[in-house]
Amino acid sequence: LSIRTTGDLFTRYKLILPEIVTIRVTTTKESYAQAIMHYLNASPAQAAEYAKLSAGVSTHAYPLVILNGQYSNQFISTLPHEMFHQAQRQLANIVQVPTWLTEGSAELFGKLALHQANRCVYSQYIQGVKMRLRQAGTLPNVRQVVSNWDAMFKQGQGGVIYNMATLMVWYL
């Protein structure tokens, strides 16, 4: 379902990638960490940390998406999210795109896939993001999200900053 939905969205929005993308699906957190070490040249510690925090990754160097099998119930939104990163990588002529913009737009594309597959209503998703941010308490300011994304992600603030980036892109 996730591959079909992603393909349908890429067709609908005319996202034709010049390179074929390989999709690696791992079965465990450990195999995901090994794939990250192998394909992204990450240290064992970096890979283990990333395996705890992410459901998938799209490589910037070549056309490869790696999905974390421990989050297989999220593949329907993770695969389109990561494939959207491949579209950004292959179709954009911009060298440095801010992380909040690439992640926020990929989040919206992933949720659009859920909407397309009748798994959620897009407008309700946006309302849910707003609600989660209201419930999160004190939020970092936008400048912090824009300039300190990686550090905030590593500090366990991924949920908050992804939700903020999603709304930042939504309101563009």
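Above this text is the structure in question.
Because the structure is a prediction, the values reported are computed rather than measured. (Residues numbered from 1 in each chain as written. Predicted model: local features only at pLDDT ≥ 70, side-chain atom pairs only at ≥ 80, totals over all residues. Heavy atoms only, no water.)

> Tell me what's going on with the overall build of the protein chain, and back it up with residues and numbers.
Helix and strand counts for the protein chain come out as eight helices and three strands. Relative to the globule expectation of 16 Å for 172 residues, the C-alpha radius of gyration of the protein chain, 16 Å, shows essentially globular dimensions. For the protein chain, the residues scored as buried account for 47% of the 172 residues in total. The contacts of the protein chain with a sequence gap of at least 6 include a subset with a gap of at least 24, amounting to 60%. Here the protein chain displays about 9,700 Å² of accessible surface, and carbon together with sulfur accounts for 54% of that area. Each charge class in the protein chain can be summarised by its mean position, and for the 14 positive and 8 negative side chains these summaries are 7 Å apart. (Helix = DSSP H or I, 4+ residues; strand = E, 2+ residues; numbered from the N terminus. Rg over C-alpha atoms; globule rule 2.2 N^0.38 Å. Buried < 20%, exposed > 50% of the residue type's maximum accessible area, 1.4 Å probe, protein only. Contact = heavy atoms within 4.5 Å. Areas by Shrake-Rupley, 256 points an atom, 1.4 Å probe, with all protein chains shown as cover. Lys, Arg positive; Asp, Glu negative; His and termini not counted. Charge placed at Lys NZ, Arg CZ, Asp CG, Glu CD.)

> Pulling in residues and values, what's your account of the pairing of strand S3 (residues 64-67)?
The alternating pattern of S3 places Leu-64 and Ile-66 on one face and Val-65 and Leu-67 on the opposite face, and all of these are buried. Relative to S3, strand S1 (residues 22-25) runs parallel, the two being bridged by four bridges. The residue of S3 that forms the bridge with Val-25 is Leu-67. Bridging between strand S2 (residues 56-58) and S3 involves three bridges; their strand directions are antiparallel. Paired with Ser-58 across the two strands is Val-65, which belongs to S3. Turn length for the S2-S3 hairpin, with the two strands adjacent in sequence and antiparallel, is five residues. (Pairing = 2+ DSSP bridges.)

> Describe the sheet that holds S1, with residues and values.
Overall, mixed pairing links the three strands, which are arranged S1-S3-S2 in an open sheet. Edge positions in the open sheet fall to S1 and S2, since each of these has one partner strand only. Neighbouring strand axes in the sheet, compared pairwise and without regard to direction, differ in orientation by 10° on average. Sitting on the sheet, helix H2 (residues 29-40) is in contact with S1, S2 and S3, with an inclination near 160° to S3. (Axes fitted to C-alpha atoms, helices over the stretch in contact; angles between N-to-C directions.)

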